[in-house]
Amino acid sequence: MFGRSGKDDEKAEAEARRLEAMKVSIESALAHLKAHAEAGNTDRCEGAAKRISENLKNPKLPPDYSKQARGVLDSLLLHGFMKATAVAAKAALDAAKSDDIELRAKKIKEAREKLAGAVKYKAPPEFKGQCERLLEVAMLSGGVKAKGPTKAKPLDTAPKLENRAKPKNEAPVPAQPAAPTPEAAKTRPAG
C-alpha cells in the first residue's frame, strides 16, 4: 500500500516537473520571438510562433496559461509585422528620394506584404492608414528628373550667343559737362 502511493506521488511530481519545464521552454521561446519582432524579422517570427503554438496545444497545460501565452504570442507577431512594415515603407521613401526606381518598387511591394500580415494580426486602422499614405508618397516621389530631352524641355540645338555686353570695368565713363574755360568764353559771341 505504501509503495503504490509513493509511485503516484513520483508520477505527479514528474508530471509537474515536465509542465514547469514546458512553461520555461515556452517563456524562453517567447523571449526569442520578442527579439525577432523587435528586429522586424517576420519570417523567423512566424517560424517561432508555429513552434510555440504546437507547444501550447498540449492538453496538460493550464488553460489560463495557454490563453495568456497566446495573447502574448499574437501581440509579438503584430509588433513584428508592424515594425517590418514601417522599416520597408521608410526604405521605399528613401529609395524614392535617391531616384532608385527599382528599389522603390521592391520596397513598396515588401511593405504591402508586411502590412497585410499586420492587418491579419489585427493592426489598428490608424496604422494601416498611415502606411498607405506613406506608400502613396513614396510612389509619387522620385523618377522626376529626366536624363535627356523631354517634351517640356527639348534639346537646345541653337548656337550659343557670345556675350557682347561690356564688363563694368571696361564701360566708358559718361562725360561730365565741364565748366566753361576762359578761352571758350572768348569765342562766344556776345549777345
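Provided above is the structure to which this section pertains.
Residues numbered from 1 in each chain as written. Predicted model: local features only at pLDDT ≥ 70, side-chain atom pairs only at ≥ 80, totals over all residues. Heavy atoms only, no water.

Things to note about the overall build of the protein
Applicable threshold: Strands here are runs of E lasting at least two residues and helices are runs of H or I lasting at least four, both read from the DSSP assignment and numbered beginning at the N terminus. The buried label applies to any residue whose accessible area, calculated with a 1.4 Å probe on protein chains only, is under 20% of its type's maximum; exposed applies above 50%, and partly exposed to all values in between. Note on contacts: a residue pair qualifies if any of its non-hydrogen atoms lie within 4.5 Å across the two residues. Per-residue accessibility takes into account occlusion by the displayed protein chains alone, with areas from the Shrake-Rupley method and a 1.4 Å probe.
A tally of helices and strands in the protein yields 6 helices and 0 strands. Relative to its 191 residues, the protein shows a buried fraction of 23%. Once local pairs closer than 6 in sequence are excluded, the contacts in the protein between residues at least 24 apart make up 71%. In the structure as shown, the protein presents an accessible area of about 14800 Å², 57% of it carried by carbon and sulfur atoms.

A word on the packing of helix H3 (residues 63-97) against helix H4 (residues 101-120)
We count it as follows: Axis angles are defined between N-to-C directions and span 0 to 180 degrees, where every axis is a line fitted to C-alpha atoms and, for a helix, only to the segment in contact. Small angles under 35 degrees read as roughly parallel and large ones over 145 as roughly antiparallel, with 65 to 115 read as roughly perpendicular and the rest as oblique. Each crossing gets its handedness from the near helix: less than a right angle anticlockwise from the far helix is left-handed, clockwise is right-handed. Classes in brief: Ala, Val, Leu, Ile, Met, Phe, Trp, Tyr, Cys and Pro nonpolar; Asp, Glu, Lys and Arg charged; the others, Gly included, polar.
Put simply, H3 and H4 touch, their axes get as near as 8 Å, and they point 160° apart. When the axes of H3 and H4 are compared, the pair comes out roughly antiparallel. At the point where H3 passes H4, the crossing takes the left-handed sense. Contacts from Leu 78, Phe 81, Met 82, Ala 84, Thr 85, Ala 88, Ala 89, Ala 91, Ala 92, Ala 95 and Ala 96 of H3 reach H4 at Leu 103, Arg 104, Lys 107, Ile 108, Glu 110, Ala 111, Lys 114, Leu 115, Gly 117 and Ala 118. When the residues that make up the contact of H3 with H4 are grouped by side-chain class, the tally is 15 nonpolar, 2 polar and 4 charged.

Thoughts on helix H5 (residues 125-140)
What counts is decided by this rule: What a helix is expected to span follows from its residue count: subtract one and scale by 1.5 Å.
Here H5 is 16 residues long and its end C-alpha atoms lie 23 Å apart, about the 22 Å a rise of 1.5 Å per residue gives. Structurally, H5 contributes buried residues whose contacts are with H3 and H4. Downstream of H5 by one or two residues, Gly 142 has phi in the positive range, about 80°.

Brief notes about H4
Along its 20 residues, H4 runs 29 Å from first to last C-alpha, staying within 8% of the 28 Å computed at 1.5 Å per residue. Among all positions of H4, only Arg 104, Ile 108, Ala 111, Lys 114, Leu 115, Gly 117 and Ala 118 are buried. Looking one or two residues past H4, Lys 122 carries a phi angle of roughly 70°, positive in sign.

Focus: the packing of helix H2 (residues 42-56) against H3
With their axes 10 Å apart at the nearest point, H2 and H3 run at an angle of 170° to one another. As the angle between them shows, H2 and H3 are arranged roughly antiparallel. The segment H2 lies against H3, with Thr 42, Cys 45, Glu 46, Ala 49, Ile 52, Ser 53 and Leu 56 engaging Ser 66, Ala 69, Arg 70, Leu 73, Leu 77, Gly 80, Phe 81 and Ala 84.

A look at the side chain of Arg 104
Short version of the rule: Note that His is not counted, nor are the chain ends; the positive residues are Lys and Arg, and the negative ones are Asp and Glu. The term salt bridge refers to a pairing of a side-chain nitrogen on Lys or Arg with a carboxyl oxygen on Asp or Glu at a separation within 4 Å. Polar contact is the term for a pair of N or O atoms within 3.5 Å; when the atoms are in protein, one must be able to donate a hydrogen and the other to accept it, and sequence-neighboring residues count only if both atoms are side-chain atoms.
Looking at where Arg 104 falls in the secondary structure, it is placed in helix H4. With no salt bridge to any partner, buried Arg 104 finds its closest opposite charge in Asp 99, at an N-O distance of 6.9 Å. For Arg 104, the side chain forms a polar contact with the main-chain oxygen of Ala 138, separated by 3.5 Å. Separated by 2.5 Å, the side chain of Arg 104 and the backbone oxygen of Ser 141 make a polar contact. Look past the residues within four positions of Arg 104 in its chain and what remains in contact with it is Ala 92, Ala 95, Ala 96, Ala 138, Met 139, Ser 141 and Gly 142.

A look at unusual backbone geometry
Most peptide bonds adopt trans geometry, and most residues besides glycine take a negative phi value. Phi is positive for Asp 99, which is not a glycine, with a value near 60°. Its place among the elements puts Asp 99 in the loop between H3 and H4. In this structure Asp 99 comes out as partly exposed when scored by relative accessible area, which is 37%. Phi is positive for Lys 122, which is not a glycine, with a value near 70°. Mapped onto the secondary structure, Lys 122 falls in the loop between H4 and H5.

A short note on the pattern of salt bridges
Applying the stated criterion to the full structure yields 9 salt bridges. For Lys 107, the salt bridge identified is with Glu 110, shortest N-O distance 3.4 Å. With Lys 107 and Glu 110 both in helix H4 and 3 residues apart, the pair spans about one turn of that helix. Exposure remark for Glu 110: the relative accessible area of 27% places this residue in the partly exposed category.

The values reported here are purely geometric and, on their own, carry no functional implication.
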